Amino acid sequence: QVQLVESGGGLVQAGGSLRLSCAASGRTFSSNTMGWFRQAPGKEREFVGGISWSGSKTNYAESVKGRFTISRDNAKNTVYLQMNSLKPEDTAVYYCAARSWGMVVNKANEYDYWGQGTQVTVSS
């Protein structure tokens with residue numbers, strides 16, 4: 001069992017930065033592939049990016065590539081989403097998710113555990 005708690009969301013102006021954190025509890029965190037997703041009002045949940053259990057591999061959606069960076073600290077049971085050059089279209093609730101096994105994938109239903117989400121609002 002893995003429990004996930006996101007933090008770090010808020011209101012930021014376009015062009016600004018935010019760093020989201022996802023703290024995990026559970027013995028298996030260091031072996032979990034982790035993903036970040038987001039969901040804007042009226043839209044489906046979409047993949048933002050993910051990181052392998054070791055942190056050696058990352059994968060990003062085209063819409064955030066070059067602006068967002070995912071990292072993890074297995075000693076702290078935490079995964080991070082650094083968001084730079086934010087745009088109004090990045091406004092959404094951001095969720096972290098854990099996958100019990102397997103590589104990073106962009107399908108939400110392939111992830112087994114989810115956090116409650118944190119709101120990110122980017123003003124123009």
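Structural data are supplied above this passage.
K.L.:
Now, about the sheet that holds strand β7 (residues 68-73): what can you tell me, with residues and values included?
P.N.:
Working definition: the strands of a sheet are paired by backbone hydrogen bonds and lie parallel or antiparallel to each other. With respect to topology, four strands assemble into an open sheet ordered β1-β3-β8-β7, the strand pairing being antiparallel. On the outer flanks of this sheet lie β1 (3-7) and β7, each paired with one strand and no other. Taken pair by pair, the neighbouring strands of this sheet meet at an average axis angle of 15°, ignoring direction.

K.L.:
Which residues make up the pattern of salt bridges, and what values go with them?
P.N.:
Note on pairing: side chains with opposite charge can pair once their charged atoms come close. Counted by the stated rule, this structure contains five salt bridges. Note that Arg38 is salt-bridged to Asp90, the shortest N-O span being 2.9 Å. Highlighted residues: Arg38 in strand β4 (residues 33-39) and Asp90 in the loop between β8 (78-83) and β9 (92-99), separated in sequence by 52 residues. Given a relative accessible area of 0%, Asp90 falls into the buried group.

K.L.:
Account for the pairing of β4, with residues named and values stated.
P.N.:
Counting buried positions along β4 yields six of seven residues, so the element is predominantly enclosed. Note: β4 against β9, seven bridges, orientation antiparallel. By the bridge assignment for β9, Met34 is matched with Ala98. Here five bridges tie β4 to strand β5 (residues 46-51), and the two strands are oriented antiparallel to one another. Within β5, the position partnered with Gly35 by the bridge is Gly50.

K.L.:
I'd like to hear about the pairing of strand β11 (residues 118-123), residue by residue, with values.
P.N.:
It is a general feature of regular strands that their side chains alternate between the two faces of the sheet. The alternating pattern of β11 places Thr118, Val120 and Val122 on a buried face and Gln119, Thr121 and Ser123 on a face that is not buried. Summarising the sheet, strand β2 (residues 10-13) and β11 pair through four bridges and their orientation is parallel. Bridging from a neighbouring strand, Val12 pairs with Val122 of β11. Bridge analysis of β9 against β11 gives three bridges, and the strand direction is antiparallel. Residue Tyr94 lies in a different strand from β11, and its bridge partner there is Thr118.

K.L.:
Quick rundown of the state of the cysteines? Include the residues and the values.
P.N.:
Tallied over the full model, the rule gives one disulfide. Paired through a disulfide, Cys22 and Cys96 show a sulfur-sulfur distance of 1.9 Å. With the S-S bond torsion at 50°, the cross-link from Cys22 to Cys96 turns out right-handed. Separated by 74 residues along the polypeptide, Cys22 in strand β3 (residues 18-25) and Cys96 in strand β9 bring together distant segments of the chain. Here Cys22 and Cys96 have matching classes, each one buried.

Cut-offs applied
- Residues numbered from 1 in each chain as written.
- Predicted model: local features only at pLDDT ≥ 70, side-chain atom pairs only at ≥ 80, totals over all residues.
- Heavy atoms only, no water.
- Pairing = 2+ DSSP bridges.
- Helix = DSSP H or I, 4+ residues; strand = E, 2+ residues; numbered from the N terminus.
- Axes fitted to C-alpha atoms, helices over the stretch in contact; angles between N-to-C directions.
- Salt bridge = Lys/Arg side-chain N within 4 Å of Asp/Glu carboxyl O.
- Buried < 20%, exposed > 50% of the residue type's maximum accessible area, 1.4 Å probe, protein only.
- Disulfide = S-S within 2.5 Å.

This is a description of form; function is not addressed.
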